[in-house]
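Here is what each chain is made of, one letter per residue.
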Amino acid sequence: PTPTTPQKNTIHQIPLFFKQKTAYEIGVRLVGSDMCIRDSHRPWGSYVNLFNGKEFLIKELYVKPKGLLSLQKHHHRAEHWVVTQGKPKITLNKKHFTMKPDETIFIPLGAVHRIENPYKKPVKIIEAQVGSILKETDIIRYQDIYGRVN
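Residues numbered from 1 in each chain as written. Predicted model: local features only at pLDDT ≥ 70, side-chain atom pairs only at ≥ 80, totals over all residues. Heavy atoms only, no water.

Asks: How do you make sense of the overall build of the protein when you look at a structure like this?
Replies: Scanning the protein from terminus to terminus reveals two helices and eleven strands. Reading the protein from its N end, one meets helices and strands in the order α-α-β-β-β-β-β-β-β-β-β-β-β. A burial count over the protein gives 42% of its 150 residues as buried. Carbon and sulfur atoms form 57% of the exposed surface of the protein, whose accessible area is close to 8,700 Å². (Helix = DSSP H or I, 4+ residues; strand = E, 2+ residues; numbered from the N terminus. Buried < 20%, exposed > 50% of the residue type's maximum accessible area, 1.4 Å probe, protein only. Areas by Shrake-Rupley, 256 points an atom, 1.4 Å probe, with all protein chains shown as cover.)

Here's what the structure looks like:
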């Protein structure tokens, strides 16, 4: 396919989603399609699956104030994050740092990582998962304040 003729559910369609402002707007445009829009609530906030393609998945993560994801890794996927709102504290292996909107980070396959929102305003992150298995079952948890350690 050429860039002007994207195929259904291919990586060429991803830029169309980033022209939108929110996951809600994207979800409204895709209602009734097979592109896997789903809002899933978690103790730390929620996520919306925006686009599901061949060996990639695009999500929007919403981390509520004081929300903390588990310290985790994946055996079958890498992730690339783009911060769109807030100032998340990130753990990547032994490093800890704070990110801000428009900053990105690559989480390699097998890397131990975590997102924390210690502030009063929510955090939003666009997450692109790439790999052979893109399911919630591919999470190995090392620490979790909600009692979900493997």
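Asks: It is not clear to me how the nonpolar core should be interpreted in this structure. Could you clarify?
Replies: Side chains of nonpolar character tend, in soluble globular proteins, to be buried together. Counting 16 residues, the largest nonpolar core has W81, I105, I115 and I125 as the members making the most contacts within it. The set of elements that each furnish at least two residues to this core consists of strand 3 (56-63), strand 5 (77-85), strand 6 (89-92), strand 8 (104-107) and strand 10 (123-131). Beyond its immediate stretch of four places on either side in the chain, I105 contacts E79, H80, W81, I90, L92, F97 and M99. In terms of nonpolar packing, the next biggest core, distinct from the first, is built from six residues, V48, L50, F51 and I126 among them. (Core = buried A, V, L, I, M, F, W, Y, C linked by side-chain atoms within 4.5 Å. Contact = heavy atoms within 4.5 Å.)

Asks: What is the right way to read the pattern of salt bridges from this model?
Replies: Think of it this way: side chains of opposite charge can pair up when their charged atoms draw near. Applying the stated criterion to the full structure yields four salt bridges. Among the ionic pairs, E136 bridges to R42, the shortest N-O distance being 4.0 Å. With E136 in the loop between strand 10 and strand 11 (140-143) and R42 in strand 1 (residues 38-42), the pair connects residues that are 94 residues apart, well separated along the chain. A relative accessible area of 31% means that E136 is categorised as partly exposed. In this structure R42 comes out as partly exposed when scored by relative accessible area, which is 27%. (Salt bridge = Lys/Arg side-chain N within 4 Å of Asp/Glu carboxyl O.)

Asks: What am I meant to see in the confidence of the model for the protein here?
Replies: Caution applies to low-pLDDT regions: their predicted coordinates should not be interpreted in detail. Looking at the protein as a whole, its pLDDT mean stands at 82, while 74% of the residues score no less than 70. Taken as a whole, residues 1-13 scores under 50 in pLDDT and shows 19 contacts with residues more than four places along the chain or in a different chain. In this model, residues 26-36 is a region of pLDDT below 50 whose contacts with residues beyond four sequence positions or in other chains number 20 contacts. (pLDDT = per-residue confidence, 0-100.)

Asks: Would you explain the environment of P118 in this entry?
Replies: If you trace the backbone, P118 turns up in the loop between strand 9 (113-116) and strand 10. C-alpha separation for the pair P118 and V63, spaced 55 residues apart in sequence, amounts to 9.9 Å. Residues within four places of P118 in sequence aside, it is in contact with K66 and K89.

Asks: Teacher, can you tell me more about the environment of D144 here?
Replies: If you trace the backbone, D144 turns up in the segment after strand 11. Under the relative-accessibility criterion, D144 is labelled buried at 12%. Between the C-alpha atoms of D144 and L69, which are 75 residues apart in sequence, the distance is 7.1 Å. Once you skip the residues sitting within four places of it in the chain, D144 turns out to touch S70, R114 and V149. A polar contact is formed between the side chain of D144 and the backbone nitrogen of Y146, at a distance of 3.0 Å. (Polar contact = N/O pair within 3.5 Å; in protein donor to acceptor, adjacent residues only side chain to side chain.)

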